[in-house]
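# Close look at the chain arrangement
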Amino acid sequence: MALLEVENLSIGYNTKGGYLKAVEGVSFALEEGQSLGFVGESGCGKTTIGMALMGLLPSNGSITQGRILFEGEDLLEISEKKMRQIRWGKIAMIFQAAMNALNPVQRVVDQIAEAIMTHSPAVGKRGAIEQVKDLFQIVGIPQERMRDYPHQYSGGMKQRAIIAMALACRPKLIIADEPTTALDVIVQDQILEETKNLQREFNIGMIFISHDISIVADVSHDIGIMYAGQLVEYGAREEVFESPVHPYTKALLSSYPTITGDRSLLQPIPGETPNLIYPPDGCRFCDRCPGAKPGCGEESPVWVDVSPGHKTLCYHC
Amino acid sequence: MKVDTFQSEADIPRRFGWIGPFLEGWSIFKQSLLGKIGLTLLIIFAVMALCSFIPPLINPMYNPMTGVDPEITHSTGPSWRHWLGTDFMGRDIFSQLLAGARVAFMVGVSAAVMSIFLGTSIGMTAGYMGSFVDTLLMRLADMIMVMPTLLVVLILSSVFGQLNIWTIVVIIALFRWPGVSRIIRGQTLSLKQRSFVEAAKVAGASHLGIIIRHIMPNVLPLAFLFMTFRVTSAIIIEAALAFLGFGDPGTVSWGMMLQWVWKTGHMFQAPYWLLPPGICISLITLSFYMLGRAMDEVLDPRLRKEDQGA
Amino acid sequence: MDNQPNPILQIEDIRKVYKTKGSVLGGPGTDVVALDRISLEIYKGEIFGLVGESGSGKTTVGRLIVSLEKANQGEIFLDDVEITGLKGRALKGFRRRVQMIFQDPYQSLNPQRSVYDTISEPLAVHAIGNPETRQELVEEAMKSVGLSPPGDFLHRYPHRLSGGQRQRVAIARAMVLRPQFVIADEPTSMLDASISAQIFNILLEMRENLSVTILFITHSLAAARYLCDRIAVIYRGNLMEIGPGEEIIRSPRHPYTQALIDAIPKFGHSGEIKRYGTLLGTEREGTNGLCCAFFPRCKVASETRCGEERPRLNECSPLHSVACHYAEEGFEL
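Residues numbered from 1 in each chain as written. Chains lettered and ligands numbered in written order. Predicted model: local features only at pLDDT ≥ 70, side-chain atom pairs only at ≥ 80, totals over all residues. Heavy atoms only, no water.

Our next topic: the pattern of salt bridges. Residue and element names in this part refer to chain A. Applying the stated criterion across every chain, the model contains 37 salt bridges over all chains. Residue glutamate 73 pairs with lysine 82 through a salt bridge whose shortest N-O separation is 2.5 Å. In this structure, lysine 133 and glutamate 130 form a salt bridge, with 3.6 Å as the shortest nitrogen-oxygen distance. Placement of both lysine 133 and glutamate 130 in helix H4 (residues 124–139) is noted, with a separation of 3 residues, approximately one turn of the helix. A relative accessible area of 31% places lysine 133 in the partly exposed class. Taken together, the shared-partner salt bridges in this structure form one network comprising Glu71, Lys90 and Lys172. (Salt bridge = Lys/Arg side-chain N within 4 Å of Asp/Glu carboxyl O. Helix = DSSP H or I, 4+ residues; strand = E, 2+ residues; numbered from the N terminus. Buried < 20%, exposed > 50% of the residue type's maximum accessible area, 1.4 Å probe, protein only.)

Laid out in structure tokens, this is it:
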């Protein structure tokens, strides 16, 4: 049984301009100890999926259909009390604005100890602090910096502290939403390396959410490419990056400058992402797609298997 | 998070560029119950103020200040002839109430406009110039801010005798700008950091040009918001002064009416005389306040934001 | 470009120090050296990339060039004219020739002004043309950044533009004066990848069609490689390496540049990449103010040499200079 199975998930927001279909019909599965990366541009719904998995959608958001099976249990059916135990206890999250996730007027060690004690009151204050010591060892923050306040930490150390906090309750699944966006490239590299090691060591399932293909490519076993609220291509990392099938994936890959390979002209994707309050009929990418055919704008595309485990939402691929 | 808003409304011609934002603001305003109540009340008061010219035209005895009903020598209750009764001299209370509405608007709006003008220009100057100009202006603002306006006006009027209504307006304006200037200064400081101001600098724009084109349009909505609150405070100060007997004896304001009630000992004998001006003062200040609160919501950028999450 | 490079902008020995305020409970303010005596030359018609991490001082270089800030020491020459002391009319004339594109298009457009107002402002400031010719110039600038047809955008306000459209407006504003020199300060760091690529290509077209020289400030070596003819790597206010873009990427000489290249996540063609491994696992203490800026994190460094003497930029091959004691003799790990 997979650690996490998401079936046909659709999420929308009530906004002033109308009902925004942020995520539509997304399905994926994650095995224990594996990692899955979602890549997409802003507004594609990747953050919304993370929030939905945590049960933390904003008040104007709602899940309109689908199931989220975590260890065989549908998270959408269980009580809020049970969800609270699962949240942080079994599913932890590293937020997008991780830098602001620490309380500036409390020592870092106390914040993490508090998180531990909320979930398992039995350990007591001293036990919790012992655990924090171990966690800091794991994420590589020196012992003597434990009693510092957050502002005394560098960006990289704050991020490590956040990872320590996510690890605090030994979760089965960690959702990392743009975990390194604000960091410099050298620190980012260290953090990603660290994360990969931790994941292996503790056999944690991870979901990486990022707009940056290269980060996701670095850490994930499986990749999901998202566009305008839909998953458009899904498969193993090597498959998706080395033989992309969906026109959007291809376009996205050729719009990234790299330091390897030839220095060829980037092919930007023309146009802009569609408005999700009034999403276009048929394929949502067809306006910007170089290979669009007459039927693309009318009929909704269906999933096509490219090879085992690699599928795409496109008729003509 | 990066959010790309993309809308496809019909384009609005250039000269009416403000209509789009205005309609958007109006649609938020309409959702606010406070705003609707406030606006309705204000319209009623405005109608009252506009109608204040009519009674004296019907019959000179309805002149709020000088018109005296020859048949009446003391305060009487409501009747067909005098809808709200008369005061001790036989003057018509209803026409006084209408005239009071006009004075309240006059005092409130002109004092507010003046104090907002002062506060905005001083606040922008202080925030934009920075360094010693800033320090100087803000210390001045602090000094004025801690002085109780009412007390100062009382002292002034006991020194100079009875003050003209316009003098009172000017004094209120002079004493009520510091709060506004502090807020406008803060706003200016944050705008100065925004890169559109730096872009204008790099383009070669002068300081004055930057203030007029880039700072002012962005602080004006806030200034307008504070104007509604300043109207309230100006009306209350004027009413308090008048009630204490330091008002302009040549105008009929609601505070003045209350003073007459009190001075002639009708406080507990003539509710038909005491209550209307009292209620009007409360309601007009309340309505400006409610209007301000609703405008606050209109200007709140968090409410303007189109999409959350996603 | 011809073989004899022709410098349009020269920066000489520039030093910039920010003073921080001391805390309320005593303790004096500390000086933060943002730029430590930097010199460089930018040639006419090239796109020059300045690459560095946050806090490296790369943005400060741009702000000093456009006179948004004053340097504590040193000189800047545009076409052999010293510009740091310009005032009044001379400054305004200089402003017409040097423009800047800012990082965040959500901050760099005044929300209360329409696209036309924004792009035409520089024209109005410099009293160029009359209202009709101004509109033509604005529309021309808009077309050149791909905002076409201009009529669709001319009277829009920023809140009705997407991030990419906003940045195009900002570029059009910078270009409408036909400047000789433009500074692009991380123009795509707030934008999505597909939109960034559009902006990159606009900058390339600008250089081609308007023969403008561009200083491209970025944290991304990959973006710099794509756009730039030459790249300079800056670290904590010190220039570490300057050279032709492709050479910097393919054969970096400075340990810091090598560490940067190591750290960039690679995908796709991972086979051909070698790791340099020049980054020290745990930082060591810098011995004194004189040590090499990268000394605390450098695996190659020696206490006696790098810890005592700050290396100067030295030419190691034509057009390629490195500030490292070991660059010439080479190092093995």
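Alright, that's what it looks like, and here's the rest.
In this section: a nonpolar patch on the surface. A contiguous nonpolar surface patch, about 440 Å² in accessible area, is contributed by Leu151(B), Ile155(B), Val159(B) and Phe160(B). Counting through the fold element by element, Val159(B) comes out in helix H6 (residues 149–160). (Patch = residues over 30% accessible without salt bridge, like charges linked within 9 Å, V, L, I, M, F, W, Y side chains within 5 Å. Areas by Shrake-Rupley, 256 points an atom, 1.4 Å probe, with all protein chains shown as cover.)

What follows deals with the interface of chain A and chain C. Across the contact, 35 residues belong to chain A and 40 residues belong to chain C. For the pair chain A and chain C, the two sides together bury roughly 3200 Å², of which 59% comes from carbon and sulfur. Of all residues in chain A, the largest losses of buried area upon contact with chain C belong to Ile186(A), Ile259(A) and Arg263(A), amounting jointly to 25% of the total for that side. For Arg275(C), the salt bridge is made with Asp189(A), and the minimal N-O distance between the two is 3.8 Å. Only helix H6 (185–202), helix H7 (213–219) and helix H8 (237–242) of chain A provide two or more residues apiece to the side of chain A that touches chain C. For the side of chain A that touches chain C, the class distribution of residues is 15 nonpolar, 11 polar and 9 charged. (Contact = heavy atoms within 4.5 Å. Buried area = accessible area lost by both parts, 1.4 Å probe. Nonpolar A, V, L, I, M, F, W, Y, C, P; charged D, E, K, R; others polar.)

Bringing the nonpolar core into the picture now. One finds Phe216(C), Leu221(C) and Leu227(C) to be the most contacted residues of the largest nonpolar core, which totals 76 residues. Taken domain by domain, the makeup of this core includes at least three residues from each of domain 1 (7–22 + 30–250) and domain 2 (275–333) of chain C. Look past the residues within four positions of Leu221(C) in its chain and what remains in contact with it is Ile259(A), Val51(C), Ile231(C), Ile249(C), Leu260(C), Ile261(C) and Ile264(C). In terms of nonpolar packing, the next biggest core, distinct from the first, is built from 60 residues, Met54(A), Ile86(A), Val232(A) and Cys296(A) among them. (Core = buried A, V, L, I, M, F, W, Y, C linked by side-chain atoms within 4.5 Å. Domains from an automatic or database assignment.)

Under the criterion given, the structure shown has 17 aromatic pairs over all chains. Both rings, one in Tyr235(C) and one in Tyr256(C), keep their centres 4.4 Å apart while their planes meet at 40°; by these two values the pair is tilted. Placement of Tyr235(C) in strand S9 (residues 230–235) and of Tyr256(C) in helix H9 (residues 255–263) is noted, with a sequence separation of 21 residues between them. The same class applies to Tyr235(C) as to Tyr256(C), namely buried. Three or more aromatic residues link up through ring pairs in this structure, and these residues are Tyr227(A), Tyr248(A) and Phe285(A). Over the face of the ring belonging to Trp303(A) we find Lys311(A), whose NZ or CZ atom lies 4.7 Å from the ring centre. In this structure, Arg91(B) is placed above the aromatic ring of Trp260(B), and the distance from its NZ or CZ to the ring centre is 4.3 Å. (Phe/Tyr/Trp six-rings, centres within 6.5 Å; stacked < 30°, edge-to-face > 60°. Lys NZ or Arg CZ within 6 Å of the ring centre and 35° of its normal.)

Here we take up the layout of surface pockets. Here the second largest pocket defines a volume of roughly 940 Å³. Taken together, 26 residues form the lining of the second largest pocket, with Ser154(A), Val187(A), Gln190(A), Glu283(C) and Arg297(C) sitting closest to its centre. The set of elements that each furnish at least two residues to the lining of the second largest pocket consists of helix H5 (155–167) and H6 of chain A. Its residues placed into classes, the lining of the second largest pocket shows 8 nonpolar, 11 polar and 7 charged. (1 Å grid on protein atoms, 1.4 Å probe; cavity = no way out; pocket = protein on both sides within 12 Å on 5 of 7 lines; lining within 4 Å. Points joined across faces, edges and corners; volume = space filled by probe spheres on them.)

Right, let's talk about empty space enclosed by the protein for a bit. Evaluation of the coordinates by the stated rule reveals 9 cavities of 30 Å³ or more. Its boundaries defined by the atoms lining it, the largest cavity holds a volume of some 70 Å³. In terms of lining residues, the largest cavity is bounded by 13 residues, among which Cys292(C), Cys298(C), Ala301(C), Cys306(C) and Cys324(C) are the most central. Considered as a void within the structure, the second largest cavity measures approximately 60 Å³ in volume. Lining of the second largest cavity is provided by Gly100(B), Val103(B), Ala104(B), Val107(B), Ile235(B), Glu238(B), Ala239(B), Ser253(B), Trp254(B), Gly255(B) and Ile281(B). Elements supplying a minimum of two residues to the lining of the second largest cavity: helix H4 (93–129), helix H10 (207–243) and helix H11 (254–263) of chain B.

A separate point is the interface of chain C and chain B. Listed by partner, the interface residues are 40 residues for chain C and 28 residues for chain B. Summing the contributions of chain C and of chain B, the shared interface buries around 2900 Å²; its carbon and sulfur component is 48%. A per-residue breakdown of the area chain C buries against chain B is headed by Gln107(C), Glu121(C) and Arg160(C), which together make up 19% of the total. Between chain C and chain B we count 2 salt bridges in total. Glu121(C) is the salt-bridge partner of Arg213(B), the closest N and O atoms lying 3.0 Å from each other. Our enumeration of links across chain C and chain B arrives at 12 residue pairs in polar contact (both at pLDDT 80 or more). Listing elements by their share of the side of chain C that touches chain B, those giving two or more residues are helix H2 (88–97), strand S6 (98–101), helix H3 (115–125) and helix H5 (163–175) of chain C. In terms of residue count, H3(C) provides more of the side of chain C that touches chain B than any other element does, 5 residues in total. For the side of chain C that touches chain B, the per-class residue count stands at 16 nonpolar, 12 polar and 12 charged. (Polar contact = N/O pair within 3.5 Å; in protein donor to acceptor, adjacent residues only side chain to side chain.)

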